[in-house]
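Structure assessment
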Amino acid sequence: MTENGQVAVILKVATQLFAALGYDGTSTRQIADAAGLNIATVNYHVGGKRELYLAVMERAHQAERAALEGALARLPGDDPVTGIHRLIDDYVDFCVCHPEVPALWMHRWLSDASDLTELERQYVQPLVAMVTDALRPAVAAGVIDDAIDLEYTMWSVIWCVHGFAKGGVLDEEGHRRGGSDQVALRRFRAHLHLTLHRALAFPGDVP
């Protein structure tokens, strides 16, 4: 395996383990064993566990940022209500396709890697600000009620989408149904769209 190939495997395995177990619950030995490498090789390529975690979070952030930038680029148009609903769909799609990203952040919500205090300020706040700023023209145009707290609305969407992507919902028999279950995913989308439509006081029906 080439050096680049080893780095790619290390980062992939580390992402999976940090998403499943959290930073505090994952050891460098676990990562090395899962990658089929020794600890010395892992340390040589990416450094210790802290450096590896920071690299994983950076990659997760870049993927999320690229997805949001692409979605926001399609937001302007003659029908802002439809555009905002499409933005929500794009975010759901990203989190369902990349459940490791919500999982990484949800571990941090539970004080995982609490000694690494700058990641939210560095990564999360700029993305929330980017989305809320993109919605302000709709407020100025009267499409969104100016009494709405945009920041808390966006946080509500994040909590909801991350929770579904990571934990899913329980069916009648107590089984978890998440993004891979198309019926559950359709119900979640419909619920989220209706909730957001009403929270933002949009006119008319959900598009």
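Now for a quick tour of the structure. All of these numbers come straight from a predicted model, not from anything done at the bench.

Conventions and cut-offs
- Throughout this document, residue positions are counted from 1 along each chain, in the order its sequence is written.
- Predicted model: local features are reported for residues with pLDDT of at least 70 only, side-chain atom pairs are reported and counted for 80 or more only, and whole-chain, interface and lining totals are derived from all residues.
- Excluded from the side-chain calculations are hydrogens and water; all other atoms, namely the structure's heavy atoms, are used.
- Geometry is summarised by axes, namely lines fitted to C-alpha atoms with helices restricted to the contacting stretch, and by angles between N-to-C directions that run from 0 to 180 degrees.
- Secondary structure counts use DSSP, requiring at least four H or I residues in a row for a helix and at least two E residues in a row for a strand, with both numbered from the N terminus.
- Every angle not falling under 35 degrees, over 145, or within 65 to 115 is termed oblique; those three ranges are roughly parallel, roughly antiparallel and roughly perpendicular.
- The hand of a helix crossing depends on one turn: near helix anticlockwise from the far one by less than a right angle means left-handed, and clockwise means right-handed.
- Contact criterion: two residues are considered in contact whenever any of their non-hydrogen atoms come within 4.5 Å of each other.
- When residue character is reported, Ala, Val, Leu, Ile, Met, Phe, Trp, Tyr, Cys and Pro are called nonpolar, Asp, Glu, Lys and Arg charged, and the others, Gly included, polar.
- Under the scheme applied here, a residue whose accessible area is under 20% of the maximum for its type counts as buried, over 50% as exposed, and between as partly exposed, the area being computed with a 1.4 Å probe on protein chains only.
- We call Phe, Tyr and Trp rings a pair once their centres come within 6.5 Å, taking the six-membered ring for Trp, and we label the pair stacked below 30 degrees between planes, edge-to-face above 60, and tilted otherwise.
- Think of a salt bridge as a Lys or Arg side-chain nitrogen and an Asp or Glu carboxyl oxygen that are within 4 Å of each other.

Contact pair helix 6 (residues 100-109) / helix 8 (residues 150-167): the axes reach a minimum separation of 9 Å and the direction vectors enclose 110 degrees. Comparing their axes, helix 8 and helix 6 come out roughly perpendicular. Judged by the twist between their axes, the crossing of helix 6 over helix 8 is left-handed. Contacts between helix 6 and helix 8 involve P102, A103, W105, M106 and W109 from the former and I158, W159, H162, G163, A165 and K166 from the latter. Counted by class, the contact of helix 6 with helix 8 contains eight nonpolar, two polar and one charged residues.

Bringing unusual backbone geometry into the picture now. Most of the time, phi is negative for any residue but glycine, and the peptide bond is trans. If you check the backbone angles, S111 has positive phi at about 70 degrees while not being a glycine. Note that S111 resides in the loop between helix 6 and helix 7 (119-140). Despite not being glycine, A201 has its phi angle at roughly 60 degrees, a positive value. For A201, a relative accessible area of 41% gives the class partly exposed.

As for its position among the elements, L150 is in helix 8. Given a relative accessible area of 6%, L150 falls into the buried group. With sequence-adjacent residues up to four places away left out, L150 is seen in contact with T132, L135, R136, V139, I144 and L200.

Time to look at the packing of aromatic side chains. How two aromatic rings sit relative to each other is set out by the distance from centre to centre and by the angle between their planes. The full count for this structure, using the stated rule, is five aromatic pairs. Between Y23 and Y53, the aromatic rings sit 4.7 Å apart at their centres with planes inclined by 55 degrees, giving tilted as the arrangement. Here Y23, found in the loop between helix 1 (3-21) and helix 2 (28-35), pairs with Y53, found in helix 4 (residues 49-73); they are 30 residues apart in sequence, far enough to count as distant. What makes Y23 buried here is its relative accessible area of 9%. Aromatic pair F164 and F188: ring centres 4.2 Å apart, planes at 0 degrees, arrangement stacked. With F164 in helix 8 and F188 in helix 9 (residues 182-199), this residue pair connects regions lying 24 residues apart in the sequence.

Here we take up the pattern of salt bridges. Summed over all chains, the structure comprises 10 salt bridges. With its nearest N and O atoms 3.0 Å apart, the salt bridge here joins E69 to R65. Taken as a pair, E69 and R65 lie in helix 4 at a separation of four residues, close to a single helical turn. By relative accessible area, E69 is classed as partly exposed at 37%. Here D93 makes a salt bridge to R189, at a shortest N to O gap of 2.3 Å.

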